[in-house]
Amino acid sequence: MKFMLLQNYGSVEADIGPMTEWKPEDVQAHIKFQKDLNVELRERGELIEGTALTAPELAKFVVSDGKSTPVVTDGPFPESKELLAGFRVIDVESLERALEIAALTSAAPGPDGQPVEQRIEVREVMGPVEH
Amino acid sequence: MRRPPEIEGLLRESAPRALAAVVRRFGDFADAEDAVQEAAIEAARQWPLQGVPENPTGWLVHVASRRMVDRVRSEAARRGREDAVAAEPTAPTTEPGEGEAADDTLVLMVMCCHPALTPPSAIALTLRAVAGLTTAEIAAAFLVPEATMAQRISRAKQTIKSSPEPFEMPAGEELRERLRAVLRVVYLIFNEGYLSSDGERLARADLAEEAIRLARIAHLALPRDPEVAGLLALMLLTDSRRAARADAEGELVPLEEQDRSLWDREKIEEGLVLLEGAVSRGAVGEYQLQAAVAAEHARAPSAEATNWREVAALYALLERVAASPMVALNRAIAVAMADGPEAGLDLLAELDGQLGKHHRLPAARAHLLETAGETAAALAEYDRAAELTNSLPEQRYLTKRAARLRDRDQKNSSCP
């Protein structure tokens, strides 16, 4: 079963500031955690894709009616907390396993190693066959 | 690594046979699989240049066995002991006969459908080691990257390797259990291939074929097993409808709307004969019963002319043999076709607790409500089903059906 695990910028439950305010060793530890998790999931044959997106600063929104010039909006955005930060696409045996991986992701280490308690959105990917 | 197509076909057939032979001689599945894969790579390199050997399977057994012996020797050397090393086994001088090859393949299937493996892992390993598909082909069929699939297969082999039981072909009740697992895996492979809509089909078309091929081999090895024959019959009867399953745009066409002139009569004939043979052997199992349902559809010249009462009775039998909410749901639909939508809706009402958020319940309800003329309720159920499904082709079908109903309803209400 394929799932997408998504996280946006605002969904940190623990009382933690943005990564730009962390100590360098904490940033390093967080990065290492994500890398190690990817390695583990890859070795288990579960990771299809792990993607981090560039910052909301650089995001653009596009709206078009197919006739006039498309309207392109640049950041910064008031709703930037709702923007996607990154996602993983996994292929696992069951929903339970997907939730397990989401929990691991959620507890990634933040300042002083404290788990960030990120809110992870778990969505099953639509496929060609029903399961 | 790309293999030239003629060599490709040869290797796909010979590699599993060679694996069976090497496993028989050395007893270690995972190492044997590695060794045969390495031999296959050698073959892909050498055969285009030196010509294909007269006995391709024997060649692979020869090369793989040498690797196994080398591995055993270097293991022994590392441990600093003079272990008695197995003398290199004599490779067969001729290709194994069909019967012997079938027996060997059955052994491989039983090994691959190991109780410690989850179904997806058993499926991947079976397609690799028994069907001879490349990792890239299996990955494409399941829509994952090749590296992901390679890992899955590798871990499956490791799981078997580290399992405490040394491989011995089981007997009695354990063998029956393992055979059930084999049939389940084969049927899962078939469904993955068959249920894909035509648009997504290209990468998956072969899966249904492979499953049928594996079932044929199992049937050859176990000609008197009624469930093996039943599964083969079920798949043939189901696959006979393949050409009618998708419309010109590649969208799903349900059974009731299919053009039956497109059904493959040869497959149907073969399926019916197999089923007859199986059922005559006594205790009837789940695959035979499902095949019997498929046979009723195959015999009917149209959806309306189908013997729905018989289908309902078969599902009732199936509920006794292998009960599941899905079987109950299918029975409800058959009852509706025989006795009218209200009878079916009554039965569906009993399933609410068991089917949770599965889309097939509202989908079935929607169809019956539509037949009963309860448009508003039907539309609500179509919407709910479309919301719950995880299959894209299914979602598109439900959305279109709801749109058609809405459209008809509006036209009717605007008529005087």
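My aim in this report is to walk through the structure given alongside it, one point at a time. (Residues numbered from 1 in each chain as written. Chains lettered and ligands numbered in written order. Predicted model: local features only at pLDDT ≥ 70, side-chain atom pairs only at ≥ 80, totals over all residues. Heavy atoms only, no water.)

Quick look at the overall build of chain B now. A count of helical and extended segments in chain B gives 20 helices and 0 strands. By its C-alpha atoms, chain B is 95 × 45 × 40 Å across when sized along the principal axes. Here chain B holds 416 residues, and 51% of them are scored as buried. Excluding contacts between residues fewer than 6 apart, the proportion of contacts in chain B whose partners are at least 24 apart in sequence is 65%. Of the roughly 19800 Å² of accessible surface on chain B, a fraction of 52% belongs to carbon and sulfur atoms. (Helix = DSSP H or I, 4+ residues; strand = E, 2+ residues; numbered from the N terminus. Buried < 20%, exposed > 50% of the residue type's maximum accessible area, 1.4 Å probe, protein only. Contact = heavy atoms within 4.5 Å. Areas by Shrake-Rupley, 256 points an atom, 1.4 Å probe, with all protein chains shown as cover.)

Time to look at the state of the cysteines. Residues and elements named next belong to chain B. For the structure shown, the criterion picks out 0 disulfides over all chains. The thiol of Cys112 is unpaired, and the distance to the nearest cysteine sulfur, on Cys113, comes to 6.5 Å. Assessed through its relative accessible area of 0%, Cys112 is described here as buried. By relative accessible area, which is 4% here, Cys113 ends up buried. (Disulfide = S-S within 2.5 Å.)

Further remarks concern the packing of aromatic side chains. All names here are of chain B. According to the stated counting rule, one finds 5 aromatic pairs over all chains in the structure shown. Ring geometry for Tyr187 and Tyr287: centres 5.7 Å apart, planes at 80 degrees, overall edge-to-face. Taken together, the residues span a long stretch of sequence, with Tyr187 in helix 8 (residues 172-194) and Tyr287 in helix 13 (residues 286-299) at a distance of 100 residues. A relative accessible area of 18% places Tyr187 in the buried class. By relative accessible area, Tyr287 is classed as buried at 6%. Both rings, one in Phe190 and one in Tyr194, keep their centres 5.4 Å apart while their planes meet at 10 degrees; by these two values the pair is stacked. With Phe190 and Tyr194 both in helix 8 and 4 residues apart, this pair spans about one turn of that helix. This pair shows no difference in class: Phe190 is buried, exactly as Tyr194 is. Through a chain of ring-to-ring contacts, the aromatic side chains of Tyr187, Phe190, Tyr194 and Tyr287 assemble into a single cluster. In this structure, Arg241 packs its charged tip against the face of Trp263, placed 6.0 Å from the ring centre. The positively charged end of Arg245 is found above the aromatic ring belonging to Tyr194, 4.5 Å away from the centroid. (Phe/Tyr/Trp six-rings, centres within 6.5 Å; stacked < 30°, edge-to-face > 60°. Lys NZ or Arg CZ within 6 Å of the ring centre and 35° of its normal.)

Moving on to empty space enclosed by the protein. Residues and elements named next belong to chain B. Under the defined criterion, the tally for this structure stands at 1 cavity of 30 Å³ or more. One number sums up the size of the largest cavity: a volume of about 90 Å³. Ala15, Pro16, Gln37, Arg128 and Gly132 are the residues nearest the centre of the largest cavity, which is lined by 13 residues in total. Of all the secondary structure elements, the ones that give two or more residues to the lining of the largest cavity are helix 1 (5-26), helix 2 (29-50) and helix 5 (119-129). Counted by class, the lining of the largest cavity contains 7 nonpolar, 2 polar and 4 charged residues. (1 Å grid on protein atoms, 1.4 Å probe; cavity = no way out; pocket = protein on both sides within 12 Å on 5 of 7 lines; lining within 4 Å. Points joined across faces, edges and corners; volume = space filled by probe spheres on them. Nonpolar A, V, L, I, M, F, W, Y, C, P; charged D, E, K, R; others polar.)

Residue and element names in this part refer to chain B. Running from N to C, helix 18 (residues 360-371) and helix 20 (residues 392-414) point in directions that differ by 20 degrees, and their axes come no closer than 12 Å. Classified by the angle between their axes, helix 18 and helix 20 sit roughly parallel to one another. When the axes of helix 18 and helix 20 are compared, the crossing they make is left-handed. For the pair formed by helix 18 and helix 20, the contact residues are Ala363, His367 and Glu370 on the first element and Tyr397, Leu398, Arg401, Leu405 and Arg408 on the second. Among the residues forming the contact of helix 18 with helix 20, the class breakdown is 4 nonpolar, 1 polar and 3 charged. (Axes fitted to C-alpha atoms, helices over the stretch in contact; angles between N-to-C directions. Parallel < 35°, antiparallel > 145°, perpendicular 65-115°, else oblique. Left-handed = near helix turned anticlockwise from the far one by under 90°.)

Turning to the interface of chain A and chain B, a few remarks are in order. Contacts between the two partners involve 18 residues from chain A and, on the opposite side, 27 residues from chain B. Taken together, the links from chain A to chain B amount to 1 salt bridge. Among the salt bridges present, the one from Arg152(B) reaches Asp91(A), with a minimum N-O distance of 3.5 Å. Mapped by element, the contributors of at least two residues to the side of chain A that touches chain B are helix 1 (24-43) and strand 2 (47-52) of chain A. Looking at the side of chain A that touches chain B residue by residue, the class counts come to 6 nonpolar, 3 polar and 9 charged. (Salt bridge = Lys/Arg side-chain N within 4 Å of Asp/Glu carboxyl O.)

Okay, the layout of surface pockets next. Where empty space is left becomes clear once a probe the size of a water molecule has been rolled over the atoms. Residue and element names in this part refer to chain A. As a volume, the second largest pocket reaches approximately 950 Å³. Around the second largest pocket sit 32 residues that line it, and Gln7, Tyr9, Met19, Ala85 and Gln118 are the ones nearest its centre. Only strand 1 (2-8), helix 1, strand 2 and strand 5 (84-91) provide two or more residues apiece to the lining of the second largest pocket. Considering only residue class, the lining of the second largest pocket consists of 16 nonpolar, 14 polar and 2 charged.

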